[in-house]
Amino acid sequence: MRRWERYWQKKLKKYLIGLDNGGTSVKAAVFDLDGRLLAKAGQFTENITPKPGYVERDMEKLWRANCSCVKTAVEKSGVSPGDVAGIAVCGHGKGLYAWGRNEEPAYHGISSTDGRAWKYPLKWKEEEVWQEIYPQICQELMACQQVSLLAWLKEHEPKVYEDIRWVFSVKDYIRYRLTGEAYSEMTDVSGSGLMDIRRAEFDEEMLVKLGIGEVYGKLAPVRCSCDLCGTLTAKAAALTGLMEGTPVAGGMFDIDACAIASDIVSPDNICTIAGTWSINEYISRTPVTDGSAAMNSLYAIPGYYLIEECSATSSGNLEWFAGQCMRDLVSEKDGAVYSAVNKMVSDIRADECEVYFLPFLYGSNAHPLGKGSFVGLTTYHTRAHLLRAVFEGVAYSHKKHIDRLLASRDTPKVVRMAGGAVKSRVWVQMFADVLGMPVETVEADELGALGCAMAAAVAAGIYADYTEAARHMVHINEKILPVSGHTAIYKKKYQKYLAIQDALDGIWDRFEV
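## Things to note about a nonpolar patch on the surface
- Together, Trp-320, Leu-361 and Tyr-362 make up a nonpolar patch on the protein surface, roughly 240 Å² of accessible area in all.
- Leu-361 sits in the partly exposed class, given a relative accessible area of 32%.

Spelled out as structure tokens, the structure:
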């Protein structure tokens, strides 16, 4: 049989599953090898907030939600479990999902929007520990990273800290439950503050300097996103409805998955992801260490670094606003946020709204304790003005990050945009106008899951690498061009946004976490 005949015979019979674990939901999707979505299933997952600034999750419930979503998606697709070529998991970065020595969760999962460990990055800077290890980690340290959360556990929950067997990100935890094999996939762990990313290795001496040297023995072996990292156990197969022995790929940080699914396979373009987090990124052969970018991590494609600017300041702010202020228009059952708000935002011109919103409900890119704020309200303003302010504030926060990225590279020809905000054509146009650059979105409902499916395809040997997988599985939508008149208006408003942000910066230390 000729090579192309074998390829098509295999292609007609095989399907791929991507599992996406976000900060508030789990989604499973079934794809064919052209990247066509056959079926999907999702569940919202409850966040536990025992104190202000704490965001936790029940790890067992999270595992069961993953299994349920996979089983439902496969059943809806009509695909035979025997025709699934592989599965991979992506998930929110940062956070901590610690597995205990008794083969149970050591603690609740801690989400990436948790702020309890905010003092540790400041402490490490004051003591010049961060400055000493920066050439190895090549990133700012953040309260939600594993390094900070482990330091917090050591100080505040020493018994939990001692009990930890494996330090996991959310997707490494789910993959462990699928396979029974423990690995630290490099896109996630390289953004944890625990790794020497230049050598792609853990460094015990560096962890000792951070005061958590005991963690070295709790770190699982490092693997790549498209490595085969085990197969489904009999127990996991029974819960998911898949076949025992189904290959499981390493998977990746969800922002890598969205970038891979956006055809970011070269340094040419920038990708912006407007989800719970504002993620802004491009890839480079070398890390950027001149201070113009906050985060460098290892990309899903070996040989590249992911240059990242991020904060929890994106479209999650709209979800909160809709849930609190628009229950009469937005059904909690169907979650049709964008269909309810697009017209309201469009009915008010940019130059008619002098209300400004700092999108700091879940975190800030201005001050560690920054809070969400509306500024400029009068009795004239309506709910529609507030909505437009939320849309604009999120776009301005992304622009602040992207401007920092552009300090270390040429202006791209296009910005690839992903995340929940791409469901709104109004918001995508606003991003193009605020950034003053063309924006392209990807023809995919579940971008993170698609990136996982591409990893599974490479791990299964269906495609040689991500470049080949992208040629078959990624489909780009039309280009949205900026409107020059709008860009000029937003340029002036953006300067006011920054001035408001700077003016409030001095008061946040007076607030509790």
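From this point on, the discussion continues.
## Examining the sheet that holds strand β17 (residues 278-284)
- Strand order in this open sheet of seven strands is β18-β19-β17-β16-β22-β23-β24, and the pairing throughout is mixed. In the strand order of this sheet, the two ends are held by β18 (295-298) and β24 (476-480), each with one partner. For this sheet, the mean angle separating the axes of adjacent strands, direction not counted, is 30 degrees.
- Of the pairings in the sheet, the one linking β17 to strand β19 (residues 305-311) comprises seven bridges and is antiparallel in character. In the sheet register, Glu-281 faces β19, and the bridge partner there is Glu-308.
- Against the sheet, helix α15 (residues 425-435) engages β16 (270-274), β22 (415-418), β23 (439-442) and β24, with an angle of about 55 degrees to β24.

## Concerning the packing of helix α14 (residues 383-406) against α15
- Across the interface, α14 lies against α15 with an axial gap of 10 Å and an inter-helix angle of 45 degrees. Here α14 is positioned oblique relative to α15, judged by the angle of their axes. Viewed along their axes, α14 and α15 form a crossing whose handedness is right-handed. Residue-level contacts link Arg-388, Val-390, Phe-391, Glu-392, Val-394, Ala-395, Tyr-396, His-398, Lys-399 and Ile-402 of α14 to Val-426, Trp-427, Met-430, Phe-431, Val-434 and Leu-435 of α15.
- Taken together, the residues of the contact of α14 with α15 break down into twelve nonpolar, one polar and three charged.

## Considerations on the pattern of salt bridges
- In the structure shown here, the tally under the stated rule is 30 salt bridges.
- Two residues, Arg-64 and Glu-60, come together in a salt bridge whose shortest N-O distance is 3.4 Å. With Arg-64 and Glu-60 both in helix α2 (residues 59-77) and four residues apart, the pair spans about one turn of that helix.
- Under the relative-accessibility criterion, Arg-64 is labelled partly exposed at 43%.
- Taking relative accessible area as the criterion, Glu-60 reaches 30% and is therefore assigned partly exposed.
- For Asp-172, the salt bridge identified is with Arg-175, shortest N-O distance 2.9 Å. One end of the pair is Asp-172 and the other is Arg-175, both in helix α7 (residues 170-179) and three residues apart, which spans about a single turn. Note on accessibility: Asp-172 and Arg-175 belong to one class, buried.

The rules behind the values
- Residues numbered from 1 in each chain as written.
- Predicted model: local features only at pLDDT ≥ 70, side-chain atom pairs only at ≥ 80, totals over all residues.
- Heavy atoms only, no water.
- Patch = residues over 30% accessible without salt bridge, like charges linked within 9 Å, V, L, I, M, F, W, Y side chains within 5 Å.
- Areas by Shrake-Rupley, 256 points an atom, 1.4 Å probe, with all protein chains shown as cover.
- Salt bridge = Lys/Arg side-chain N within 4 Å of Asp/Glu carboxyl O.
- Buried < 20%, exposed > 50% of the residue type's maximum accessible area, 1.4 Å probe, protein only.
- Pairing = 2+ DSSP bridges.
- Helix = DSSP H or I, 4+ residues; strand = E, 2+ residues; numbered from the N terminus.
- Axes fitted to C-alpha atoms, helices over the stretch in contact; angles between N-to-C directions.
- Contact = heavy atoms within 4.5 Å.
- Parallel < 35°, antiparallel > 145°, perpendicular 65-115°, else oblique.
- Left-handed = near helix turned anticlockwise from the far one by under 90°.
- Nonpolar A, V, L, I, M, F, W, Y, C, P; charged D, E, K, R; others polar.

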